[in-house]
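# Structure assessment
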Amino acid sequence: MNELRPIRSALLDVRNLHTHFLTDKGTVKAVNGVSFQINQGERVAIVGESGSGKSAMAMSLLRLLAYPGKVVSGEINLEGRDLNRLSERQLNEVRGRLVGTIFQDPMSSLDPVMRISNQMIPPIMRHLGLSREKARAEAISWLDRVGIPDAARRIESYPFEMSGGMRQRVMIAMALSCRPRLVIADEPTTALDVTIQAQIVELLKELTAETGAAMIFITHDLGLVARFAHKVGVMYAGKLVEFGPVKDIFARPRHPYTQSLLDTIPPVDQLERRRLAQIPGFPPDMKLPVTGCAFKDRCAGAHRRCFEVAPELEPRGHGHAAACWLPEGLGAGRQMERALIPPMEPAADAGEDRVVVEINNLHKHFTTRSSLPWRKPPTVRAVNGISLRIRKGETLGIVGESGCGKSTVARLLLGLDPATSGDIFIDGMAQMVFQDPSSSFNPKMTLFNIIQEPLVVTGWGTKAERETRVRELLGQVGLDESYMHRYPSQLSGGQRQRIAIARALALKPSVVVADEPTSALDVSVRAQIINLLVDLKQKLRVSFVFISHDLLTVSYISDKIAVMYLGEVVEYGPADEVFNNPAHPYTQALISAVPIPDPEAEEARIQKPLSGELPSPLNLPVGCSFASRCPKATDYCRTHKMVLKPYSKTRETACHYAS
Amino acid sequence: MALISIPLPAHRSIQFNFSSLNGTIRLLSNRRVQLALMILVPILLLTVFRPFLPIPGPLETNLRAMTKPPSFVHLFGTDRMGRDILSRTLAGVQISMFVGFAVALLSLTVGLVMGTLAGFFGGVIDRVMMTITDIFLAFPSLLLAIGLVSVMGTGMLPVVLAISLSDVPRFIRLQRSLVLSLRSRAYIDAARTVKASQMWLMTRHIVPNTLAPLLVAASIAAANAILVEAGLSFLGLGIMPPAPSLGNLIRDGQTYLEQAWWISTLPGAVILLIAISLHFLSDGIRQVLDPRSRK
Ligand SMILES: Nc1ncnc2c1ncn2[C@@H]1O[C@H](COP(=O)(O)OP(=O)(O)O)[C@@H](O)[C@H]1O
Ligand code: SF4
Ligand code: SF4
Ligand SMILES: [Mg+2]
């Protein structure tokens, strides 16, 4: 069976696609000979590091490339027509009618100053040939299906009046409303919370199954791939290096890159904690010509042939294809390497039980400006009575949807904002590592000055002593001393995060607060930073507060987990217990929303995504704050407040019906 | 008139470093900056070396060469008292440049200090400062200048002060908005977690990152000041004759425009050239600072 031979029923058949960006600094070969087929109703996930050409490939299909981009050659056969040969006008018929698009940032496709109705109805009229009234009814029914409450009224609102999740739904409704044969989605859920992401993924799955549309789904979340895709294409340096059925790819990846990628994910099974695999080095500069395999500099299996001739995508049976000279990739060698990874030391050392952070009944209320001067200004209860303790060397993970107060807790801990009431005791000092790698450093300062700033401000040591300390810190975070005199703009995302960690460690703090430290990073780099944090924790016995919406990472790195909802902790306990056996209905919903990078396991899970979105913290409910979304809520819950109570010896939870 | 409406590059990280060699090279390799310098540098050189040029002094009259059109002896011609227009223009440029530079420096300094305080501390200081700047901004700048000059009398100092008066509020606003966008940066928070003083935050983290956009605004302010000074002198409210300010020159020639076009037109063209090149300069700096503004 030769699965690379074009299948007659293939809906989309892409052959040898090349896309270049003609920039001032040279030609970026973003897509470098990509061929694949998609059948009707098939969902294909495209994964790969950022910059590997995923978006460029997807945009090339409809010639939607931004300015210097150009499809240089290749065939794009959609239902037998070569889109690459169509005129701009003919292609416009295809866009929207035959192919729908969904992007990561809904505002890039929604016109902010136009009502939803004016953006949705005309395309439906044009493409489906309906009258205005019929088209309107159709648009409303789609909005209804994507879960926009009160769709008949909301269709008249403007995009800015909606939340991010809502806009994403509107965009999905728009993409599907003309019943396209193919939907292209570029990271449609990356900016959203897991709960919303789960809703949207379920929705896309249902709706495409219903209309029989095929789908190209670009993501870097391997869990999502496992949950969602029929087939997977792995891109590296502008080429597809592996393509095949999802179960096959996860169970028997053949390309070393795919294999390493899968090894970088924190394991779901918390009993067996080992270091994450990491992919060394950087992807090649796509302006330069590549001889041989593009992955050779980062590949453990690279040999002479890899440096001379580039391997082509070759069939490996069962519809699976890979571009590597080794038939099994790293194969057995990879298993050995994984076994060699030293197991993590047990987290809590006896005798070191000192509590370094104690938070008692912490509140933070923000008073917003009242719209009418005589009205009482509304109060946002961002943090609403939290008590926590962190021991020396312990890592506390804080999880919850965005807006639940995680970052506010971090800022209070760091003393950046004053608390409204309650106390915080810190034995020593709290330092921070923040998410946004671009605003974390003063762009005018060298890395040396950035790292030594805390030392200078506190008058630590002499000039020579400070320099020695900076060198030591750079070594601890795994950066070469030659970086000292560079500027932040010359670093990659992962390197910046290392600098942020070095700066945070300069004064030997007792606790480091890391707010989404890995969210802006690629999977392989994320694994490096997580490994670094784990090493530092063991070596320096420093405590961490690790805040993230990535539950898999949090549960991997943390000893304890606190689950927050609307400014309260609703569950607290050891990470593996909370993750594997959640007690609170909200924790349960959160964890069931997390996609697991294992297609077999995903298939077995029952999906019941949490409905609705986080209520506004402006007017908190009287009873249990989760009651509006809780599947188990009763009238008693709605009227009676619940506080955190012991659930087992090690855990606490805030639900009337837990246990 | 004095428009300082530049987009604020500070919303993104500014990767350009004025002190670094690399930055200077990038600035000098910008087309607009090159064009501006090609015009400004010769004019400046001529102005500085005017006393050594083989031309009469700006106040020297010559009764045998009255109202002569441009020729090899008098490149820009002479006025009705036989004074050399080229010499007078260069002397005028000297005054204009001085006014432009003084206004830019004064507005930048005051705007930097007050805007930083308002943006950084907020609260009462901010509200008082914003109310005052609002009041000043409500007046057209030329009107404000005319008012001040009529109170303080004419001359160099009143002219500089009068023009700065309408620029300072704009610089305060610009600096305040730059500071506000920087104040919540993560690196400021990082410094605050080690209890860095307010002074440290302002001088190390905030002001250095506002300098570049302020310089762009200052070069526009200088261009405008030159034009406003010419306007004031033209109205008889600026530098007093016989001192050869460019505005005075234009006014002198205005009555003879039909018989002797060169008396006002040539100095006018020089003003225009200077103003345009200063705008090119600011455009160029902005392009270098914010690569996204390039087409
Ligand atoms: N507008 C552009 N100008 C120049 N190069 C670009 C442009 N857009 C993308 N690229 C380059 O094309 C390559 C692929 O980018 P992209 O398709 O966005 O990757 P991905 O979606 O996998 O992150 C990268 O090297 C990127 O730098
Ligand atoms: S071809 Fe060689 S370098 Fe490329 S992935 Fe295979 S083994 Fe590694
Ligand atoms: S108290 Fe009631 S509403 Fe709240 S989580 Fe428990 S069951 Fe749900
Ligand atoms: Mg992309």
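Moving on: the pattern of salt bridges. Overall, the coordinates contain 34 salt bridges over all chains when judged by the stated rule. The salt bridge involving Lys287 of chain A is made with Asp285 of chain A; its shortest N-O contact spans 3.7 Å. For the salt bridge of Arg638 of chain A with Asp635 of chain A, the shortest nitrogen-to-oxygen distance reads 3.2 Å. Placement of both Arg638 of chain A and Asp635 of chain A in helix 22 (residues 635-639) is noted, with a separation of 3 residues, approximately one turn of the helix. Given the relative accessible area of 61%, Asp635 of chain A is considered exposed. Residues participating in the shared-partner salt-bridge network are Arg411 and Asp417 of chain A together with Asp189 and Arg192 of chain B.

Within the structure, ligand 2 sits among 13 residues, and Cys293, Cys299, Cys306, Cys324 and Trp325 of chain A are positioned closest to it. For the shell around ligand 2, the class distribution of residues is 10 nonpolar, 2 polar and 1 charged.

A few words now on the interface of chain A and chain B. At the interface, 26 residues of chain A touch 22 residues of chain B. Both faces considered, chain A and chain B share a buried interface measuring about 2,000 Å² in area, 59% of it formed by carbon and sulfur atoms. A salt bridge links Asp189 of chain B to Arg411 of chain A, with the shortest nitrogen-to-oxygen separation between them at 2.8 Å. At the junction of chain A and chain B, the tally comes to 10 residue pairs in polar contact (both at pLDDT 80 or more). Where the side of chain A that touches chain B is concerned, the elements lending two or more residues are strand 17 (430-433) and helix 14 (447-457) of chain A. Per element, the largest residue contribution to the side of chain A that touches chain B is 4 residues, and it comes from helix 14 of chain A. Looking at the side of chain A that touches chain B residue by residue, the classes come out as 15 nonpolar, 7 polar and 4 charged.

All names here are of chain B. Taken together, Leu28, Leu37, Val41, Leu45, Val48, Phe49 and Phe52 make up a surface patch of nonpolar side chains, about 680 Å² in accessible area. Relative to the elements of secondary structure, Val48 occurs in helix 2 (residues 31-48). On the basis of relative accessibility, which here comes to 54%, the residue Val48 falls in the exposed class.

Each regular strand displays side chains that alternate between the two surfaces of the sheet. Residues and elements named next belong to chain A. Among the 5 residues that make up strand 15 (residues 395-399), 5 are buried, leaving the element largely enclosed by the rest of the structure. Side chains Thr395, Gly397 and Val399 of strand 15 all project onto a buried face; the interleaved residues Leu396 and Ile398 project onto the opposite face, where all are buried too. Bridge count between strand 15 and strand 19 (residues 543-547): 4 bridges; the pairing is parallel. Residue pairing in the sheet places Leu396 in a bridge with Val545 of strand 19. As paired strands, strand 15 and strand 20 (residues 560-565) are joined by 4 bridges and run parallel to one another. Its bridge partner lying in strand 20, Gly397 is registered against Ile561.

On to the sheet that holds strand 6 (residues 99-102) of chain A, then. Residue and element names in this part refer to chain A. Spatially, 8 strands are ordered 6-7-8-3-9-10-12-11 in an open sheet, and the strand pairing comes out mixed. Edge positions in the sheet fall to strand 6 and strand 11 (314-315), since each has one partner strand and no second. Summarising the sheet, strand 10 (residues 239-245) and strand 12 (residues 321-322) pair through 2 bridges and their orientation is antiparallel. Note on strand 12: the bridge partner recorded for Phe243 is Ala321. Each of strand 3 (43-47), strand 6 and strand 8 (214-218) touches helix 7 (residues 194-211); the most contacted strand, strand 8, lies at about 155° to it.

Bringing the domain arrangement of chain A into the picture now. Residue and element names in this part refer to chain A. One can read the domain layout of chain A as domain 1 (12-98 + 180-331) and domain 2 (107-179). Averaged C-alpha coordinates put domain 1 and domain 2 at centres separated by 29 Å. Buried surface at the junction of domain 1 and domain 2, both sides included, amounts to about 1,400 Å², of which 64% is carbon and sulfur. A per-residue breakdown of the area domain 1 buries against domain 2 is headed by Arg97, Pro180 and Leu207, which together make up 33% of the total. Counting across the domain 1 and domain 2 interface gives 1 salt bridge. Notably, a salt bridge pairs Glu210 with Arg145, separated by 1.8 Å at the nearest N-O pair. At the surface where domain 1 touches domain 2, the tally comes to 4 residue pairs in polar contact (both at pLDDT 80 or more). If you list the elements that add at least two residues to the side of domain 1 that touches domain 2, you get helix 2 (88-97) and helix 7. Considering each element in turn, the side of domain 1 that touches domain 2 owes the most residues, 8 residues, to helix 7. Taken together, the residues of the side of domain 1 that touches domain 2 sort by class into 9 nonpolar, 3 polar and 5 charged.

What counts and how
- Residues numbered from 1 in each chain as written.
- Chains lettered and ligands numbered in written order.
- Predicted model: local features only at pLDDT ≥ 70, side-chain atom pairs only at ≥ 80, totals over all residues.
- Heavy atoms only, no water.
- Salt bridge = Lys/Arg side-chain N within 4 Å of Asp/Glu carboxyl O.
- Helix = DSSP H or I, 4+ residues; strand = E, 2+ residues; numbered from the N terminus.
- Buried < 20%, exposed > 50% of the residue type's maximum accessible area, 1.4 Å probe, protein only.
- Near = heavy atom within 4 Å.
- Nonpolar A, V, L, I, M, F, W, Y, C, P; charged D, E, K, R; others polar.
- Contact = heavy atoms within 4.5 Å.
- Buried area = accessible area lost by both parts, 1.4 Å probe.
- Polar contact = N/O pair within 3.5 Å; in protein donor to acceptor, adjacent residues only side chain to side chain.
- Patch = residues over 30% accessible without salt bridge, like charges linked within 9 Å, V, L, I, M, F, W, Y side chains within 5 Å.
- Areas by Shrake-Rupley, 256 points an atom, 1.4 Å probe, with all protein chains shown as cover.
- Pairing = 2+ DSSP bridges.
- Axes fitted to C-alpha atoms, helices over the stretch in contact; angles between N-to-C directions.
- Domains from an automatic or database assignment.

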